[in-house]
Amino acid sequence: MLTLSVGCAQQNPSPPAKPTASPQPVSDSGPYWCDVVPQEAIRTISGLAIPLEENKDGVPATHGACSLRNEYNRFSLNWSIRDGEGALELARENFGKKRLSELPADLGKGLIAFTGNSPRTKPYVAFMLFRCGNDRPWMGMDVSQVAQGRDLVKDFTDLLRIARERYGRLHDCVPAAA
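Fair warning: this is a prediction, and the values are worked out from it, not measured in the lab. (Residues numbered from 1 in each chain as written. Predicted model: local features only at pLDDT ≥ 70, side-chain atom pairs only at ≥ 80, totals over all residues. Heavy atoms only, no water.)

### Quick look at the nonpolar core
Generally speaking, nonpolar side chains in soluble globular proteins are found buried as a group.
Argument step 1. Val37, Phe75, Leu77, Met139, Met141, Phe156 and Leu159 are the most contacted members of the largest nonpolar core, which totals 36 residues.
Argument step 2. Per-element tally for this core: the top contributor is helix H3 (residues 152–170), with seven residues.
Argument step 3. With residues up to four places along the chain from it excluded, the contact list for Phe156 reads Ile112, Tyr124, Val125, Ala126, Met141, Asp142 and Val143.
Argument step 4. Counting residues in each nonpolar core, the second largest holds ten residues, with Ala87, Leu88, Ala113 and Phe127 among its members. (Core = buried A, V, L, I, M, F, W, Y, C linked by side-chain atoms within 4.5 Å. Buried < 20%, exposed > 50% of the residue type's maximum accessible area, 1.4 Å probe, protein only. Helix = DSSP H or I, 4+ residues; strand = E, 2+ residues; numbered from the N terminus. Contact = heavy atoms within 4.5 Å.)

### Digging into the pairing of strand E3 (residues 53–59)
Argument step 1. The pairing of E3 with strand E4 (residues 63–69) spans seven bridges and is classified as antiparallel. Looking across to E4, one finds that Glu53 is bridged to Arg69.
Argument step 2. Hairpin connection, E3 to E4: the antiparallel pair is bridged by three residues. (Pairing = 2+ DSSP bridges.)

### Observations regarding the state of the cysteines
Argument step 1. Going through the model one piece at a time under the given rule, you end up with two disulfides.
Argument step 2. Two residues, Cys34 and Cys66, share a disulfide whose sulfurs are 2.1 Å apart. Across the S-S bond of Cys34 and Cys66 the torsion is about -70 degrees, and the bridge reads as left-handed. Within this pair, whereas Cys34 is found in the loop between strand E1 (32–33) and strand E2 (37–38), its partner Cys66 is found in strand E4, the two being separated by 32 residues in sequence.
Argument step 3. A relative accessible area of 6% means that Cys66 is categorised as buried. (Disulfide = S-S within 2.5 Å.)

### Observations regarding H3
Count 3.6 residues to each turn of an α-helix, and residues three or four apart come out pointing the same way.
Argument step 1. Over its 19 residues, H3 runs 26 Å from end to end, which matches the ideal 27 Å to within 8%, given 1.5 Å per residue.
Argument step 2. By the N-cap criterion, in which a side-chain oxygen at the helix start approaches the backbone nitrogen of a residue two or three places on, H3 is capped by Asp151, the distance to Val153 being 3.2 Å.
Argument step 3. Two residues or fewer after H3 comes Asp172, characterised by a positive phi angle close to 50 degrees. (Expected span 1.5 Å × (residues − 1). Polar contact = N/O pair within 3.5 Å; in protein donor to acceptor, adjacent residues only side chain to side chain.)

So yeah, pure geometry; function would need other evidence.
Here you go:
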């Protein structure tokens, strides 16, 4: 399951600015949202200090969806062990022209993109296909905003790395590149 959002586009959107200072790094420490992403990491990347409600769905052995919201969704994570190549192809079709970066080869196949759409559509997007034991899971995540001065590519790369490692611990497998 790959969730895509549709909304109104902003006029002349620009990608997130490169950081000007050395911001707090994204690190792996509990508590966690969506079972695999540190709460503090999401708050660091997005700059969101508001209360967020977590909503989870799915079958833990095969697929899942999770969102963090207040008046609208601020962060979403979807994952599955099914049709990873098809999901990757769809992500590249939908976000390839807006791609900011491919993933590092050791992390898996995927991309990080900025769609330029409104915050309600969660315009900052990441997708990853990797191996974990005999499965080839994929994860897609998106966020409504990025805090000023953050390096989106580095932050999403670090967050995907944490999510992949936590996925491996939760599913008793060793994550590796796809």
